[in-house]
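Commentary on secondary and tertiary structure
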Amino acid sequence: MPATLDERAIEAMMLDYAACLDESRLEDWPEFFVDDCCYKVVSRENVELGLPAPIIYHYSKRMLQDRVKALREALTFEFVYTRHLISNIRIRPEVQRKISAKSNYIVVQTTEEGVSRIYSVGSYLDDIIMTPDGPKFGSRTVIVDTFGIHNLMALPI
Amino acid sequence: MPATLDERAIEAMMLDYAACLDESRLEDWPEFFVDDCCYKVVSRENVELGLPAPIIYHYSKRMLQDRVKALREALTFEFVYTRHLISNIRIRPEVQRKISAKSNYIVVQTTEEGVSRIYSVGSYLDDIIMTPDGPKFGSRTVIVDTFGIHNLMALPI
Amino acid sequence: MPATLDERAIEAMMLDYAACLDESRLEDWPEFFVDDCCYKVVSRENVELGLPAPIIYHYSKRMLQDRVKALREALTFEFVYTRHLISNIRIRPEVQRKISAKSNYIVVQTTEEGVSRIYSVGSYLDDIIMTPDGPKFGSRTVIVDTFGIHNLMALPI
């Protein structure tokens, strides 16, 4: 039950992931995933109804890199500062070299004028793989409670 | 000072409690308490003024089970998704087999349309008892900062 | 990688700091700092643009004590309950007796009528010094995302 080396490394990686996005280092974002990864954003409504349609779905690291390129060069969207608050981290013991984890998040966005509002609340559902470069996401599913999205969901969560 | 086995188990239990409520597994909720327990929701105003009136007060596990039955079968209230974010967990060392703990929470509710808003912010004040089945709440007091409650406080926090 | 004694003590101190402010024990607040300390509140906008102007700037414990005296005896401001939720705590290994740390926060304020709203979101950037009385802040910089401040920022964050 005391935190193992792996658990501490996984928790640190999750917080680095949040910092990477909040510091707008988008190019580093795909590096938190293995090559053959899955990154999905799904509404809590669809999850609970067993419906498959995702809001965002990338099924390789190359697709994540492509997404970053689109965000940097193609898409236009309102400038915002973001802040991820991660809590309720629960890491399951390893089974056959697979570690699964859950956590909750609030993402607060702040406009250029310094006005903050809750942008998204939800949970992460992760499969984590221990690689020689440390823990990485085999699969990360973002289940958004806040699925009433005003415009485009541009930035990853 | 490094986390003991008990501290880790207590923290895990607190997060399971939050997940139990967020996943709407209400029937499991009383199982986080000992038989002879106390669950209370009180306003921060009353706590600071030393006034005793609670918003919710149950003083046995049977009363918690009754509350669940009422929620499932009798009460009608708006459907919402909830998300508990637990932070600032502080566990005091055991004194005469009693462990006390404090933590802070935000509960975000999301409507059926996917619109999220802060429902309640406050703190938990707990007495924890180590049982053969793991740590359980001897007493859990929810001190709600957000005591300006719009309607009924239906779901437990 | 497992939490060291120092890391656990630093984390506990950060949470005590939050509790000190939330419980309105302002007189205890300067005691979280060394004599020759620095406490600064700066907007995220200025930090990212490399602009130096702070919102609040105190560069000794005496200045913090003076601030508390002003808050207690001179300034008038609306009564609010506050609640600090601290997350994403990242503590760097010690280098030449200096430990640096980062964390994120949400401060929720609640009016006398029990209505809560997000007051400030942002991050802490800390230099921590291990003293015989435990860890203390050599320097604490509050980087506020929420720099569109309605009135006076009276209470420290």
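Scope of this entry: the structure provided in the associated data block. These figures come from a predicted structure and were not determined experimentally.

1. Re the sheet that holds strand 5 (residues 116–131) of chain C
Spatial strand order, 2-1-6-5-4-3 (chain C): 6 strands in an open sheet with mixed pairing. Single-partner strands in this sheet number two, and they are strand 2 (56–58) and strand 3 (81–91) of chain C. In this sheet, neighbouring strand axes are inclined to one another by 25° on average, regardless of whether the strands run parallel or antiparallel. Bridge count between strand 4 (residues 99–110) of chain C and strand 5 of chain C: 12 bridges; the pairing is antiparallel. Residue pairing in the sheet places C:Ile106 in a bridge with C:Val121 of strand 5 of chain C. Where helix 1 (residues 5–22) of chain A meets the sheet, it contacts strand 3 and strand 4 of chain C, and its direction lies at approximately 105° from that of strand 3 of chain C.

2. Digging into the interface of chain A and chain C
The partner chain C presents 24 residues to the 24 residues of chain A that form the contact. For the pair chain A and chain C, the summed buried surface comes to about 1900 Å²; carbon and sulfur atoms form 56% of the total. Considering only the surface of chain A that becomes buried against chain C, A:Arg8, A:Tyr81 and A:Arg83 emerge as the three largest contributors, covering 34% of it. The interface formed by chain A and chain C contains 3 salt bridges. C:Glu7 serves as the salt-bridge partner of A:Arg8, at 3.1 Å between the closest nitrogen and oxygen. Here chain A is connected to chain C by 11 residue pairs in polar contact (both at pLDDT 80 or more). Taken together, the elements giving at least two residues each to the side of chain A that touches chain C come down to helix 1, strand 3 (81–91), strand 4 (99–110) and strand 5 (116–131) of chain A. The element contributing the most residues to the side of chain A that touches chain C is helix 1 of chain A, with 8 residues. A breakdown of the residues in the side of chain A that touches chain C according to their chemical character gives 11 nonpolar, 6 polar and 7 charged.

3. A short note on the relation of the copies chain A and chain C
Of the transformation superimposing chain A on chain C, the axial component is 0.0 Å and the angular component is 120°, with the fit at an RMSD of 0.0 Å. Within this description, the copies of the chain are treated as partners about a three-fold rotation axis. The rotation axis passes nearest to the C-alpha of A:Ser87 in chain A, at a distance of 3.9 Å. Residue by residue, only 12% of the interface of chain A is reproduced at the interface of chain C, so the copies engage with different surfaces.

4. Details of helix 3 (residues 61–73) of chain C
All names here are of chain C. Here helix 3 is 13 residues long and its end C-alpha atoms lie 18 Å apart, about the 18 Å a rise of 1.5 Å per residue gives. Every buried residue belonging to helix 3 is among Lys-61, Leu-64, Arg-67, Val-68 and Leu-71, and all of these are buried. The arc that holds the buried residues of helix 3, viewed along the axis, is 110°, so those residues lie on one side. Away from its buried face, by an angle of more than 90 degrees, helix 3 presents the exposed residues Arg-62, Asp-66 and Glu-73. Buried residues in helix 3 make contact with strand 1 (33–43) and strand 2.

About the criteria used
Residues numbered from 1 in each chain as written. Chains lettered and ligands numbered in written order. Predicted model: local features only at pLDDT ≥ 70, side-chain atom pairs only at ≥ 80, totals over all residues. Heavy atoms only, no water. Pairing = 2+ DSSP bridges. Helix = DSSP H or I, 4+ residues; strand = E, 2+ residues; numbered from the N terminus. Axes fitted to C-alpha atoms, helices over the stretch in contact; angles between N-to-C directions. Contact = heavy atoms within 4.5 Å. Buried area = accessible area lost by both parts, 1.4 Å probe. Salt bridge = Lys/Arg side-chain N within 4 Å of Asp/Glu carboxyl O. Polar contact = N/O pair within 3.5 Å; in protein donor to acceptor, adjacent residues only side chain to side chain. Nonpolar A, V, L, I, M, F, W, Y, C, P; charged D, E, K, R; others polar. Least-squares fit on C-alpha atoms with pLDDT ≥ 70 in both. Expected span 1.5 Å × (residues − 1). Buried < 20%, exposed > 50% of the residue type's maximum accessible area, 1.4 Å probe, protein only. Arc of directions from axis to C-beta.

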